[in-house]
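# Secondary and tertiary structure notes
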Amino acid sequence: MNSFVCCFGRRKTICTSRYEESTILASETAFTVNEVEALYDMFKKLSSSIFDDGSIHKEEFLLALFGNRNKQNLFADRVFDLFDVKHKGVIEFGEFVRSLSVFHPNASQEDKTTFAFKLYDLQQTGYIEREELEEMVLALLSESDLSLSSDVVKFVVDKTMMQADSKGDGKIDQEEWREFVAKNPSLMKNMTLPCLKELTLAFPSFVLTTEVPD
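Predicted model only: the values in this text are computed from it and were never measured.

Moving on, we come to the UniProt feature "domain: EF-hand" (unreviewed entry) in the chain. Sites flagged by UniProt as "domain: EF-hand" (unreviewed entry) map to residues 71-106, 108-143 and 152-187. The span residues 71-106 shows a helical share of 50% and a strand share of 6%, and its end C-alpha atoms are spaced 32 Å apart. A distance of 18 Å separates the end C-alpha atoms of residues 152-187, which is 64% helix and 6% strand.

This brings us to the packing of aromatic side chains. Applying the stated criterion to the full structure yields 10 aromatic pairs. Centre to centre, the rings of Trp177 and Phe180 are 6.2 Å apart; their planes meet at 45°, and the pair counts as tilted. Of this pair, Trp177 and Phe180 both sit in helix α10 (residues 174-183), separated by three residues, roughly a single helical turn. Taken individually, Trp177 and Phe180 each receive the classification buried, so the pair is uniform in this respect. Joined through ring pairs, the aromatic side chains of Phe61, Phe80, Phe83, Phe103 and Phe115 make up one cluster.

What the rule picks out here adds up to 11 salt bridges. Residue Glu134 pairs with Arg130 through a salt bridge whose shortest N-O separation is 3.0 Å. On the criterion of helical spacing, the pair formed by Glu134 and Arg130 is a turn pair, its members being four residues apart in helix α8 (residues 130-143). Between Arg130 and Asp158 there is a salt bridge, with its nearest N and O atoms 2.6 Å apart.

Quick notes on the rules
- Residues numbered from 1 in each chain as written.
- Predicted model: local features only at pLDDT ≥ 70, side-chain atom pairs only at ≥ 80, totals over all residues.
- Heavy atoms only, no water.
- UniProt positions renumbered as here; feature names shortened; annotations may be inferred.
- Helix = DSSP H or I, 4+ residues; strand = E, 2+ residues; numbered from the N terminus.
- Phe/Tyr/Trp six-rings, centres within 6.5 Å; stacked < 30°, edge-to-face > 60°.
- Buried < 20%, exposed > 50% of the residue type's maximum accessible area, 1.4 Å probe, protein only.
- Salt bridge = Lys/Arg side-chain N within 4 Å of Asp/Glu carboxyl O.

Shown next as structure tokens:
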């Protein structure tokens, strides 16, 4: 097991603590203990790419996603904020594992649906309003290097609101969102990263680069 290799030559208390944390995280997530250990190696690489203080800062997160720590992207900001459960401005290892677990192939559809709702609920009001939906559509297009005319974007947003806002109150609540996703399961396609089922140190679907450019 990787934990024994990692802890070899260290004090027993440190190794025991590390192992207990791995087992706890595995029991609370879709990951196995071995997968948690592989994530720890990955986390160490990410969290030391710029600051090396045991936490992932937003600059390191952006560097991993885009190869540019200064890139501005609403989608990346929202994902970082949701991973930063304690709202400390950094992502700790436990937060990293628990949040990433949502994208595991074995994670429940309910967890994926809830996470996606929070992603779009920019103001954290418990509703997705038209303006929030439009902002996220534009951010996702930007993240994918796609460009659509304002008329096409408006059409997509209007059609989505018309289909999802079954109560006709100009916003989408969690119940409406679950019903909309159930009718459009393709919306959850990006909420599953197949590579998480067989973790290695290569993580192309999430971490693209962790090297700071010269």
